[in-house]
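Structural overview
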Amino acid sequence: MKSFSSKIGVLLAAAGSAVGLGSIWKFPYTVGENGGGAFIILYIACSLIFGLPLVMNEFLIGKLSRKSAYGAYRTLDGTNRWQWLAWTTMFSVLLILSFYFVVTGWCIYYMVQAASNTFSGMNAAALTTFFNTFEKDAFVTILYAIIAIVLTASVLWFDVNKGIERLSKILMPILFIMLIAMAIHMVFIDGGTTGLRFLLQPDFSKITPQVILEAMGLSFFTLSIGLGILITYGGYMPKDQNVTSTSVQMIILVIIVSLLAGIIVFPAVFAYGFSPKEGPELTFITLPEVFQQMFSPALTSTAFFFLMCVAAITSTISMMEVMVAFVCEATAKTRHPLGRHQSVVVVSLILVAANILCILSTTGHADCLTIMGHNLFDNANTLVTDFLIPLGAFATAVFTGWFVPKALYQGRGAAIYLILLRWIIPIAIFIVFLNSMKII
Ligand code: PHE
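As a starting point, this report considers the structure included with it. (Residues numbered from 1 in each chain as written. Predicted model: local features only at pLDDT ≥ 70, side-chain atom pairs only at ≥ 80, totals over all residues. Heavy atoms only, no water.)

**With respect to the site of the ligand**
Around the ligand sit 14 residues, and of these Ala18, Gly22, Tyr100, Phe221 and Thr222 come closest. Here a nitrogen atom of the ligand sits 2.9 Å away from a polar atom, N or O, in the main chain of Phe221. Coverage of the ligand by the protein amounts to 100% of the 320 Å² it exposes when considered alone. Judged by the proximity of its atoms to the pocket grid, the ligand belongs to the largest cavity. Elements supplying a minimum of two residues to the shell around the ligand: helix H1 (7-18), helix H2 (21-33), helix H10 (209-222) and helix H14 (297-331). Here the element with the most residues in the shell around the ligand is H2; it accounts for three residues. Looking at the shell around the ligand residue by residue, the class counts come to seven nonpolar, seven polar and no charged. (Near = heavy atom within 4 Å. Polar contact = N/O pair within 3.5 Å; in protein donor to acceptor, adjacent residues only side chain to side chain. Areas by Shrake-Rupley, 256 points an atom, 1.4 Å probe, with all protein chains shown as cover. 1 Å grid on protein atoms, 1.4 Å probe; cavity = no way out; pocket = protein on both sides within 12 Å on 5 of 7 lines; lining within 4 Å. Sits in = over half its atoms within 2 Å of the grid points. Helix = DSSP H or I, 4+ residues; strand = E, 2+ residues; numbered from the N terminus. Nonpolar A, V, L, I, M, F, W, Y, C, P; charged D, E, K, R; others polar.)

**With respect to the packing of helix H3 (residues 37-65) against helix H12 (residues 243-272)**
Where H3 contacts H12, the two axes come as close as 9 Å, and the packing angle between them is 145°. Both H3 and H12 take part in a crossing whose hand is right-handed. Within the contact between the two elements, H3 uses Ile40, Tyr43, Ile44, Ser47, Leu48, Gly51, Leu52, Val55, Met56, Phe59, Leu60 and Lys63 and H12 uses Val243, Thr244, Thr246, Ser247, Val248, Met250, Ile251, Val254, Ile255, Ser258 and Leu259. Looking at the contact of H3 with H12 residue by residue, the class counts come to 16 nonpolar, six polar and one charged. (Axes fitted to C-alpha atoms, helices over the stretch in contact; angles between N-to-C directions. Left-handed = near helix turned anticlockwise from the far one by under 90°. Contact = heavy atoms within 4.5 Å.)

**Structural notes on the nonpolar core**
A general trend in soluble globular proteins is that nonpolar side chains are found buried together. Core analysis: the largest hydrophobic core is formed by 152 residues, its most contacted members being Phe284 and Phe304. For this core, the element with the most residues is helix H5 (residues 83-115), which contributes 18 residues. Sequence-distant contacts of Phe304, defined by excluding residues within four places in its chain, comprise Ile24, Leu175, Met178, Leu179, Met182, Leu287 and Phe291. (Core = buried A, V, L, I, M, F, W, Y, C linked by side-chain atoms within 4.5 Å. Buried < 20%, exposed > 50% of the residue type's maximum accessible area, 1.4 Å probe, protein only.)

**Thoughts on the layout of surface pockets**
Reported here for the largest pocket is a volume of approximately 920 Å³. Taken together, 36 residues make up the lining of the largest pocket; nearest its centre are Asp378, Asn379, Asn381, Thr382 and Leu383. Among the secondary structure elements, those contributing two or more residues to the lining of the largest pocket are H2, H5, H10, helix H15 (340-363), helix H16 (376-403) and helix H17 (414-436). Residues that form the lining of the largest pocket fall into these classes: 17 nonpolar, eleven polar and eight charged. In this structure, the second largest pocket encloses a volume near 420 Å³. (Points joined across faces, edges and corners; volume = space filled by probe spheres on them.)

**Details of the pattern of salt bridges**
Inspection of the entire model under this criterion finds three salt bridges. Across the pair Arg81 and Asp77 runs a salt bridge whose closest N-O atoms are separated by 3.5 Å. The salt bridge involving Glu321 is made with Arg340; its shortest N-O contact spans 3.3 Å. With a gap of 19 residues between them, Glu321 in helix H14 and Arg340 in helix H15 connect regions that are remote in the sequence. (Salt bridge = Lys/Arg side-chain N within 4 Å of Asp/Glu carboxyl O.)

**Brief notes about the packing of aromatic side chains**
A complete count under the given rule lists 37 aromatic pairs for this structure. Between Trp25 and Tyr29, the aromatic rings sit 5.4 Å apart at their centres with planes inclined by 55°, giving tilted as the arrangement. Separated by four residues within a single helix, Trp25 and Tyr29 lie in helix H2, roughly one turn from each other. Of the two residues, Trp25 and Tyr29, neither departs from the other in class, the shared state being buried. Of note, Lys26 hangs over the ring of Phe221, and the distance from its end group to the ring centre comes to 5.2 Å. The ring of Trp402 has Arg422 lying over it, and the distance from NZ or CZ to the ring centre is 4.4 Å. (Phe/Tyr/Trp six-rings, centres within 6.5 Å; stacked < 30°, edge-to-face > 60°. Lys NZ or Arg CZ within 6 Å of the ring centre and 35° of its normal.)

**A word on H17**
Given a rise of 1.5 Å per residue, 23 residues ought to cover 33 Å, and the 31 Å separating the end C-alpha atoms of H17 matches this to within 8%. Its maximal kink placed at Leu420, H17 deviates by approximately 45°. Those residues of H17 not exposed but buried are Tyr417, Leu420, Leu421, Ile425, Pro426, Ala428, Ile429, Val432, Leu434 and Ser436. Taken from the residues just after H17, Lys438 is the one with a positive phi, measuring 65°. (Expected span 1.5 Å × (residues − 1). Bend = angle between axes of the 7 residues up to and from the residue.)

**Notes on empty space enclosed by the protein**
Per the stated rule, a full pass over the model turns up four cavities of 30 Å³ or more. Of the volumes computed, that of the largest cavity is approximately 120 Å³. For the lining of the largest cavity, the secondary structure elements donating two or more residues are H1, H5, H10 and H14. Here the element with the most residues in the lining of the largest cavity is H14; it accounts for three residues. Among the residues forming the lining of the largest cavity, the class breakdown is seven nonpolar, six polar and no charged. There is about 50 Å³ of room inside the second largest cavity. Taken together, Val102, Trp106, Glu135, Thr141, Ile359, Thr362, Thr363 and Phe377 make up the full set of residues lining the second largest cavity. Of all the elements in the fold, those that place two or more residues in the lining of the second largest cavity are H5 and H15.

**Details of a nonpolar patch on the surface**
There is a patch of nonpolar side chains on the surface, built from Trp402, Phe403, Ile419, Trp423, Ile424, Ile427, Ile431, Met437, Ile439 and Ile440 and spanning about 980 Å² of accessible area. Looking at which element gives the most residues to the nonpolar patch, the answer is H17, with five residues. Relative to the helices and strands, Ile419 is located in helix H17. (Patch = residues over 30% accessible without salt bridge, like charges linked within 9 Å, V, L, I, M, F, W, Y side chains within 5 Å.)

**Thoughts on the side chain of Asn34**
Topologically, Asn34 is positioned in the loop between H2 and H3. On the basis of relative accessibility, which here comes to 12%, the residue Asn34 falls in the buried class. Polar contacts involving the side chain of Asn34 include one to the main-chain carbonyl oxygen of Thr30, which spans 2.8 Å. In this view, Asn34 contacts Phe39, Lys206, Val211 and Glu214; residues no more than four positions away in its chain are not counted.

Have a look at this one:
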């Protein structure tokens, strides 16, 4: 991630970071919980209307300051007033990774099980029981989360980002093609139309203030907005790179992958007797059933879970890299500056601890971590998606709209861009937020 040879390199790396569990795991179950088609329209609208200026904005902050989130606000604003935002976004990234690695661990476990043909012959009920038993097994889930952390940390430790990037240039398109093939297959299965109708026929009575907040949070999560991650990528952009077209391409790719995941999961949900409101396990219980109806189930499902692991790990690499850079920079001027390798170790240990807490809280081994009736996994997931990411997006928009003396964007549509950042986006996020808290 440190240097990019070409413009396409930045696009692919940013897309590798953005396309991940958000699209393949979080999107389907959030759509299921929020009633289908109408929610998807909101998701796409948020991604295009708010997502585009916000993605461009973060890229531009990085491109013009040539810094990561830690130094960028200070460089552009000339004061320390916005350092709280850098710290808040780092806290959000830490929270995301404390459940993201748990789910990456699930992917690795499912890949291993697929390769051993465990799912063969299991029906919907058996697959649900299988997942629930696995999820409650603290030892195995912790083990696989730690494997995910160690894999990501090794990439950062050995500085093999370039190699991973080259590898993902081949693997991500394969994942994309596989998603398309599976989606086409699912459109034609017996009983699949109910699922498609659920996705494509909007029922606007399902839209509540909370649903709008969820759609916005999910859109920002899948686009990696509001966390300072895209600022880092902007910092690597060549001077003449067109920020608008890079952002548009990235956003369209993320929307397509999310929709494909929906088209794969929902026909299966309705045809094989799962519940669309299943929650975070939805993708994991439906996919093995999907593969059983396909050509060579063991092989295709192993390949798919492998590619899902790659998509997850390219995202965890980008988030952990930013945390490591943050620790290096934040300690640089203290009495105990931490080098890169030391930072990798410190960040990994923090993440192992955070993931273990999250898992113990889910498996029922640490009920003291249950807050407001929810375990740590659910609370971290909700806090990040419904609060911290919108807050990060709100603050970054206000920052560039009002506090950066020089307009960041001067191309075509600059006036609209500025109006969006100064007024429309902050006010909209604020209203959505107050509305969902039932304050207005
Ligand atoms: N967008 C990623 C996903 O959908 C998650 C992510 C968020 C990655 C923020 C980097 C930064 O899985």
